Amino acid sequence: MHSATVSQHLLWRCGSLSSTAALCLCLCGCVPSPLARRTSAFAKAAAATTANTEQAYDLVENTYHQAQLAHMVARYDEAGFDMAELKPFLPEQDRKVRVDVIEGLQSYAELLAGVSGDQSLVDVDTSAKSLGASLQTLSANKLIAAKLTSTDATLAASAIDALGRALIERKRRRELPIVLHNMQQPIETICALISQDIGDPAHSGLRDELHINYLDLLREQKNYIADNKEKLTPFEKREEVRVLARLATSESKADLALARTQKALARLAQVHTALALTARQKNAPAFQLQMEQFAASARQLKSLYDTSPDQK
Amino acid sequence: MSRKKKTGNAIVSGQPWTPPSSGPAIKASEVVVSKPMASNIRSTDPHAIWQQAHDALQAALELGTHSLDQTKDKQQRDLLNTLLDALSAELTALNQEDMESHTISLQAASQQLDTGVADLKSLRQEIDQVSSAIANAAKVVTAVDEVLSGIQAFLATFPVL
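Residues numbered from 1 in each chain as written. Chains lettered and ligands numbered in written order. Predicted model: local features only at pLDDT ≥ 70, side-chain atom pairs only at ≥ 80, totals over all residues. Heavy atoms only, no water.

## Notes on the overall build of chain A
Step number 1: In terms of helices and strands, chain A carries nine helices and zero strands.
Step number 2: Beginning at the N terminus, the succession of helices and strands in chain A can be written as α-α-α-α-α-α-α-α-α.
Step number 3: Residues counted as buried form 49% of the 312 residues belonging to chain A.
Step number 4: Put simply, 81% of the contacts in chain A that link residues at least 6 apart link residues at least 24 apart. (Helix = DSSP H or I, 4+ residues; strand = E, 2+ residues; numbered from the N terminus. Buried < 20%, exposed > 50% of the residue type's maximum accessible area, 1.4 Å probe, protein only. Contact = heavy atoms within 4.5 Å.)

## Some points on the environment of Leu106(B)
Step number 1: With respect to the helices and strands, the residue Leu106(B) is situated in helix H3 (residues 103-156).
Step number 2: A residue is classified by how much of its surface remains accessible, and Leu106(B), at 0% relative accessible area, is buried.
Step number 3: The spacing of Leu106(B) and Leu155(B) is 49 residues in sequence and 71 Å in space, taken between C-alpha atoms.
Step number 4: Contacts of Leu106(B), omitting those with residues within four sequence positions, involve Val97(A), Arg98(A), Val101(A), Leu193(A), Ile194(A) and Asp197(A).

## As for the side chain of Ser131(B)
Step number 1: Tracing the backbone through its elements, the reader meets Ser131(B) in helix H3.
Step number 2: Apart from the residues lying within four places of it in its own chain, the contact partners of Ser131(B) are Asp123(A), Val124(A) and Ser127(A).

## What to know about the confidence of the model for chain A
Step number 1: Overall, the prediction assigns chain A a mean pLDDT of 85, with 87% of residues at 70 or greater.
Step number 2: For chain A, per-element mean pLDDT is lowest for helix H1 (residues 2-29) of chain A, which scores 51, and highest for helix H7 (residues 205-228) of chain A, which scores 96. (pLDDT = per-residue confidence, 0-100.)

## Focus: H7(A)
Step number 1: Taking 1.5 Å per residue, 24 residues should reach 34 Å; H7(A) reaches 35 Å between its end C-alpha atoms and fits that length.
Step number 2: Burial analysis of H7(A) places 20 of its 24 residues in the buried class, which makes it a mostly covered element. (Expected span 1.5 Å × (residues − 1).)

## Looking at the packing of helix H2 (residues 34-74) of chain A against helix H8 (residues 234-277) of chain A
All names here are of chain A.
Step number 1: In contact at an axis separation of 9 Å, H2 and H8 are set at 150 degrees when each is read in the N-to-C sense. Compared by their axis directions, H2 and H8 come out roughly antiparallel. When you trace H2 past H8, the crossing you get is left-handed. From H2, Leu35, Arg38, Thr39, Phe42, Ala46, Thr49, Thr50, Thr53, Ala56, Leu59 and Val60 reach across to H8, where they touch Ala254, Ala257, Leu258, Thr261, Ala264, Leu265, Leu268, Val271, His272 and Leu275.
Step number 2: Split by residue class, the contact of H2 with H8 holds 14 nonpolar, six polar and one charged. (Axes fitted to C-alpha atoms, helices over the stretch in contact; angles between N-to-C directions. Parallel < 35°, antiparallel > 145°, perpendicular 65-115°, else oblique. Left-handed = near helix turned anticlockwise from the far one by under 90°. Nonpolar A, V, L, I, M, F, W, Y, C, P; charged D, E, K, R; others polar.)

## Looking at the layout of surface pockets
Step number 1: Estimated volume of the largest pocket: approximately 700 Å³.
Step number 2: Within the residue set of the lining of the largest pocket, elements represented by two or more residues are H2, helix H3 (76-79), H7 and H8 of chain A together with helix H2 (74-100) of chain B.
Step number 3: Here the lining of the largest pocket gets seven residues from one element, more than from any other, and that element is H7(A).
Step number 4: Looking at the lining of the largest pocket residue by residue, the classes come out as nine nonpolar, six polar and eleven charged.
Step number 5: Reported here for the second largest pocket is a volume of approximately 410 Å³.
Step number 6: If you go around the second largest pocket, you meet 19 residues; those closest to its centre are Tyr64(A), Ala67(A), Gln68(A), His71(A) and Ala89(B).
Step number 7: Among the elements of the structure, H2 and H7 of chain A together with H2 of chain B are those that each provide at least two residues to the lining of the second largest pocket. (1 Å grid on protein atoms, 1.4 Å probe; cavity = no way out; pocket = protein on both sides within 12 Å on 5 of 7 lines; lining within 4 Å. Points joined across faces, edges and corners; volume = space filled by probe spheres on them.)

And the structure:
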C-alpha cells in the first residue's frame, strides 16, 4: 500500500516535470527556424532549376544532330548516307563532367531541402506519439505497479517530442550556416561556368551553336525549295515554306529556354550567397525579394522546357 | 590589326566578303577557308584571339547565308553552299574547343561540391538519428509490454494453490 502511494507520488512528480519541460522546449524547439524555412524554399527552387539545366545541353545536341542529318540528306547523291558520320556536339567525356556537376548540384539542393524541411520534425512527432501510446499500454499491464494516466502519457510524449525537435533545430542552426558558407564559392563557380557554356547567340557557347545549327537547317530547307520549285505543286510549296516558319519559331523558343536557364543559374548563385550571408539573421527582407524572383525564374524555366519545340 | 589580302581566296582576312553575283567569278579550286587569323591579330590573349576569329567567321557565315537567298544561279549557289558548309563546320569546331576548355574547371568545382554534399549527408543522418532513437524507444517499450503480457498469460495458467 505504502509502495503504491510512493509510486503514484513519483509518477505525479514525473508528470509535472514533463509538462514543464514540454512547455519550455516547445517555446524554443517546435517552430522551424527562419534559416530552415529560407533554406527549404531556396532548395526547392534550386532543385527545379538544376533539373532543367541538363536539358539545355540536350536541346543543342538535338539540333546539331538534326543539322547533320539535313546535310547528309542534301548531299546523298555525292556522299551517300553513313550513320557513322553522325557525331555528338560535345564529346562523351566532356558531357559526362557536365552531367556529374548538374547531378551534384541537384543532390546538394535535394539534401538541403531534406535537412531544412519539415519531414524530420514530422517523423519526430510520429515517433513521440508512438512512444506515448506504448508507455500508456505498458502502464495498463497488471504486472506494472506504477500507473500512468493518459494525460501523463501525453505529457511525456510531448516532452520527448519537444526535446527531439529542439535537438534537430540545434543541429540545423549550428551546421547549416557552415555548409552554406563553405559552398558559396563552388556554387558561384559552377553557375558561372555553366552560364559560360550556354554563352551568347552571336559569340560563343550553346546559344551560338544553336543559332549556327538553325542557320544550316534553314539553308538546307531553302535549298530544297529552290532546287525543286518547278516540280512542287502550290500546296506542296506552301507546306515546305511553312517548315521555314516552324524552324524560325523553334529557334526562337529554344534560344529563349537557354537564355532563361542562364538567368536562373545566375539567380541561383546570387540567392545561395544571400542565404549564406543571412544565415544567422532572423529577418532577411532583401533575401526574400531575391528568393521570390528566383522561384519565379525556376517556374518559368520548367514551363519552357515542358513545351520544348519539335523539329522537322 | 594588319589586314592581308590573298587574291582568289573566298575568305580574306579583315576584308568584307563580296557575293559572287557582284564580283569576279570564283572557281571552286580557288575556294580556301583560311585558318583563324591568329597571325594577323596583335592581341596576345588566347581567348581574345579565339573570339576575334570566331566573330569574323560568324559574320562571314551570316553574310554568306543572306547572299545565298539572293543568288539564283545554280552553280553559284552550289559554290556558296560549299563555302557556308565549311564556315559552319569551322565555327562548330571553335565552339567545341571553347566548351572543352571549361571542362577541367568544371571538374574541379564538382569535387568541391562533393565535399558539401558529404557534409549535408552526414547532417541528415544525425537528424534522422533523433527520430530513430525515439522510434526505437517506443519499440523497446512495446517489446517490454509484450514480454510482461506473455509472463502474465503464463502465470494465469497455474491454478491458485
